[in-house]
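Listed here are the chains, written in short residue letters.
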Amino acid sequence: MTRSEALFTRAVECIPGGVNSPVRAFGAIGEPPRFIEKADGAYIYDADGNAYIDFIGSWGPMILGHNHPKVLESVLEAAKSGLSFGAATEREVIMAELICQIVPSIEMVRMVNSGTEAVMSAVRTARGYTGRNKIVKFMGCYHGHSDAMLVKAGSGVMAQGIPDSAGVPSGCTEDTLSAVYNDLESVEALFRAHPDEIAAVIVEPVGANMGVVPPKKGFLEGLRSLCTEYGALLIFDEVITGFRLALDGAQGYFGIRPDLTTFGKIIGGGMPVGAYGGRREIMSMVAPAGPVYQAGTLSGNPVAMAAGITQLTILKESPELYQKLNEIGDWFYSEIEKILEEAGAGCRVNHIGSLGCVFFTQEPVVNYASAKTADVGRYREYFKYMLNHGIYLAPAQFEAMFLSAAHTKADLENTLDVIQAYARKHK
């Protein structure tokens, strides 16, 4: 028995499913997860001493790679002064100023502890600001595990075949309306049916929790126009794309200005943190400035703020990083597609910038329904082969691959060699 197997045997006795988040489970793969002990640069190392080229990057935030020396130094220095105060700190102010400087749509921002909390709070703020109750979300987009968002969700829910969740009363989701990603008509139909009831449309500007599904030309622009026409707010969930697709996120990349934006752990250098922000008049509704209540003892944690300030500052001062990362992403994912096409593997490779996904389907993947045509059995086979040859991918078909600045050309070429060997073996 390997050490990972032994740890999993212990874990299932005291942790539901043996993991603290379903996306870490290897249930869709049919074997115990690898327990990770350390990470550095583009590599992670498991409890048995195996090294892997990592394409998860803690689900996105490690855009500079693991254990970046400047981020690590800032964390160690901040920790010397205390881990948590439950009181205001200068670092919270610096972080808020930095985000407002970088993202033009954000005039005020509130720190929270996770992407889930950020979305939950942004939705509440939208409802408080508009005086309306209904929210439009898209099938296959994942916005955290708050009750109202667990309707046709993506990510781990999609991988496990759970369309919603037990324990969520129907009353919690009765004001959540589901639309089809990349289909403006489905959104417009909801607005026509509920012209004065929709508080907000929330969207991943690039779908990244049903695999990677970029927006069709005009889709995001259309959402902006519909929200403006009907007096609803447009919320961009940039937990995945924020500070990754571009310095100012997907909204900068596509040139669309949302009313509210949510962020996740990328603003904490991978530490537990999140944030939501937007126009001053909307964010002024948030307590104690306004009547929309939201609080958190650990919000703006000083150690997490130190890590985030350092990472965002590095990104801000390195504009060439995004051009290089997006260019190498275009090359890398195109090479994967070429290899699999030549082998007749019947795959689709969706990508945008440093985000990508291999779908085991011959159908173009543009929304939740087409993503579901992917053969999860074939992905399981692919994942196992890659893992056993030192490549760490998401243990489920419907997740993204993430490149980082720490991935070298040699790392990516080695990965392509493994994919080539897989393709020959399964031709």
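None of these values were measured; they are calculated from a predicted model. (Residues numbered from 1 in each chain as written. Predicted model: local features only at pLDDT ≥ 70, side-chain atom pairs only at ≥ 80, totals over all residues. Heavy atoms only, no water.)

Participant: Quick rundown of the pairing of strand 12 (residues 355-359)? Include the residues and the values.
Facilitator: Of all 5 residues making up strand 12, 5 are buried, and the element is well covered by its neighbours. Here strand 12 shows two buried faces, one formed by Leu355, Cys357 and Phe359 and the other by Gly356 and Val358. Judged from the 5 bridges that link them, strand 11 (residues 348-352) and strand 12 form a sheet pairing that is antiparallel. Bridged to Ile352 within strand 12 is Leu355. The antiparallel pairing of strand 11 with strand 12 creates a hairpin that spans 2 residues between the two strands, and Gly353 there sits at a positive phi of about 60°. Strand direction decides the pairing type here: strand 12 and strand 14 (residues 401-402), joined by 2 bridges, are antiparallel. Following the sheet pairing, Gly356 is matched in strand 14 by Met401. (Buried < 20%, exposed > 50% of the residue type's maximum accessible area, 1.4 Å probe, protein only. Helix = DSSP H or I, 4+ residues; strand = E, 2+ residues; numbered from the N terminus. Pairing = 2+ DSSP bridges.)

Participant: With reference to specific residues and values, describe unusual backbone geometry.
Facilitator: Looking along the chain, the bond that leaves Ala287 and enters Pro288 is cis, with omega of 5°. In this model, Asn67 sits at a positive phi of 60°, which is unusual for a non-glycine residue. On the secondary structure map, Asn67 appears in the loop between strand 3 (51-54) and helix 2 (69-79). Residue class for Asn67 comes out partly exposed when judged on its relative accessible area of 40%. With a phi close to 60°, Phe243 is a non-glycine residue in the positive phi region. Summarising the element assignment, Phe243 is placed in the loop between strand 8 (233-237) and helix 9 (249-254).

Participant: Give me the lowdown on the pattern of salt bridges, citing residues and values where you can.
Facilitator: What the rule picks out here adds up to 9 salt bridges. Between Lys80 and Glu77 there is a salt bridge, with the nearest N and O atoms lying 3.4 Å from each other. Accessibility expressed as a relative area gives 48% for Glu77, which makes it partly exposed. In this structure, a network of salt bridges that share partners links the residues Arg224, Asp259, Arg279 and Glu281. (Salt bridge = Lys/Arg side-chain N within 4 Å of Asp/Glu carboxyl O.)

Participant: Quick rundown of the sheet that holds strand 7 (residues 198-203)? Include the residues and the values.
Facilitator: Within the open sheet, the 7 strands sit side by side as 4-10-9-8-7-5-6. Their pairing is mixed. Each of the sheet's edge strands pairs with one partner strand only, and the pair in question is strand 4 (108-112) and strand 6 (176-179). For this sheet, the mean inter-axis angle between neighbouring strands, taken without regard to orientation, is 20°. Both strand 5 (residues 134-138) and strand 6 contribute to a ladder of 4 bridges, which runs parallel. (Axes fitted to C-alpha atoms, helices over the stretch in contact; angles between N-to-C directions.)

Participant: Outline the sheet that holds strand 14, supporting the account with residue identities and numerical values.
Facilitator: Read across the open sheet, the 3 strands follow the order 11-12-14; overall the sheet is antiparallel. Both edges of this open sheet fall to strand 11 and strand 14, since each of them pairs with a single strand only. Together, strand 11, strand 12 and strand 14 form the strand contacts of helix 12 (residues 319-342), whose direction differs from that of strand 11 by roughly 175°. (Contact = heavy atoms within 4.5 Å.)

Participant: For the environment of Phe35, give the residues involved together with the corresponding values.
Facilitator: For Phe35, the location among the structural elements is in the loop between helix 1 (3-14) and strand 1 (36-40). Residue classification places Phe35 among the partly exposed positions, given a relative accessible area of 23%. It is 28 Å that separates the C-alpha atoms of Phe35 and Cys141, two residues lying 106 residues apart in sequence. Dropping the residues within four chain positions of it, Phe35 is found in contact with Ser4, Leu7, Phe8, Ala11, Gly18, Asp46 and Ala47.

Participant: An account of helix 15 (residues 409-425) is requested, with residue identities and associated values reported.
Facilitator: Taking 1.5 Å of rise per residue, 17 residues should cover 24 Å, and helix 15 covers 24 Å from first to last C-alpha, within 8% of that figure. Asp411, Leu412, Thr415, Leu416, Val418, Ile419, Tyr422 and Ala423 are the residues of helix 15 that are buried. All buried residues of helix 15 project into a common sector of 160° when viewed along the axis, lining one side. Along helix 15, exposed side chains directed more than 90 degrees from the buried face belong to Arg424 and Lys425. (Expected span 1.5 Å × (residues − 1). Arc of directions from axis to C-beta.)

Participant: Account for the packing of helix 12 against helix 15, naming residues and giving values.
Facilitator: The interhelical angle for the contact between helix 12 and helix 15, taken along N-to-C directions, is 15°, at an axis separation of 9 Å. Here helix 12 lies roughly parallel to helix 15, going by the angle between them. Crossing of helix 12 over helix 15 shows right-handed handedness. On helix 15, the residues touching Ile328, Trp331, Phe332, Glu335, Ile336, Ile339 and Leu340 of helix 12 are Lys409, Leu412, Glu413, Thr415, Leu416, Ile419, Gln420 and Ala423. (Parallel < 35°, antiparallel > 145°, perpendicular 65-115°, else oblique. Left-handed = near helix turned anticlockwise from the far one by under 90°.)

Participant: So, the side chain of Thr125: which residues are in play, and what are the values?
Facilitator: Tracing the backbone shows Thr125 in helix 4 (residues 115-130). On the basis of relative accessible area, Thr125 is assigned to the buried category, the value being 0%. Beyond its immediate stretch of four places on either side in the chain, Thr125 contacts Tyr276, Ile282, Val286 and Val292.

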